[in-house]
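# Working through the structure, step by step
Here is how the chains run, residue by residue.
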Amino acid sequence: MKNLGAVSIRPFVAAVLVPLFILAFSASKFSKPDEISFYLGLGFFSAGASILTATLRLYIKKCELGADQSGAPRDLITSGMYAYVRNPAEIGLAAMLVGESVFFGSALILLWFFCYFAIRNAHIIYVEEPGLAKRYGCKYFDYARNVGRWIPRKRPWESDSD
């Protein structure tokens, strides 16, 4: 699992370290959130953390079952959260950042969310997806045609070839 560090460190930096840095060095001082912001922010953050955790656990499990030389899973992951949406970890991370923004009342964390999402979206489209297409071929094309990049399906997708 050569790339496990990158898979787990990136979300930690994006959802924990950068927001802490923003809060520590921004001009606005933290004040206790009102009740709505508290529960709404906590709800978004908790839901996002749950999605991210479930996604990372599935990824680790698939890597343990077999990984190629780059450390990526030998088989395309299309089960679990991936049966609903192609980038569940990013959706979880997005929910966490929105939750932090609401909880702390921080427009700067919300700005960080938009910047992070724009960079990750470009990376996914121009780097990750071509790599997945090259590695998994027709299976990836079938998956991408049936499962949205960002908009989850109502029902889990099941490949006809499985």
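Residues numbered from 1 in each chain as written. Predicted model: local features only at pLDDT ≥ 70, side-chain atom pairs only at ≥ 80, totals over all residues. Heavy atoms only, no water.

Turning our attention to empty space enclosed by the protein. Rolled over the atoms, a probe with the dimensions of a water molecule shows which regions are left empty. Applying the stated criterion to the full structure yields one cavity of 30 Å³ or more. If you add up the space inside the largest cavity, you get close to 40 Å³. Forming the walls of the largest cavity are E90, A94, F113, Y116, F117 and R120. The residue makeup of the lining of the largest cavity, split by class, is four nonpolar, no polar and two charged. (1 Å grid on protein atoms, 1.4 Å probe; cavity = no way out; pocket = protein on both sides within 12 Å on 5 of 7 lines; lining within 4 Å. Points joined across faces, edges and corners; volume = space filled by probe spheres on them. Nonpolar A, V, L, I, M, F, W, Y, C, P; charged D, E, K, R; others polar.)

Below, the discussion takes up the packing of helix α3 (residues 88-104) against helix α4 (residues 107-136). Following both chains from N to C, one finds α3 and α4 inclined at 170°, their axes separated by 9 Å at the closest point. One finds that α3 runs roughly antiparallel with respect to α4. As for the relative orientation of α3 and α4, their crossing is left-handed in sense. Residues E90, L93, A94, L97, V98, E100, S101 and F104 of α3 form the contact with α4, whose participating residues are I109, L110, W112, F113, Y116, R120 and I124. Tallied by class, the residues present in the contact of α3 with α4 amount to eleven nonpolar, one polar and three charged. (Axes fitted to C-alpha atoms, helices over the stretch in contact; angles between N-to-C directions. Helix = DSSP H or I, 4+ residues; strand = E, 2+ residues; numbered from the N terminus. Parallel < 35°, antiparallel > 145°, perpendicular 65-115°, else oblique. Left-handed = near helix turned anticlockwise from the far one by under 90°. Contact = heavy atoms within 4.5 Å.)

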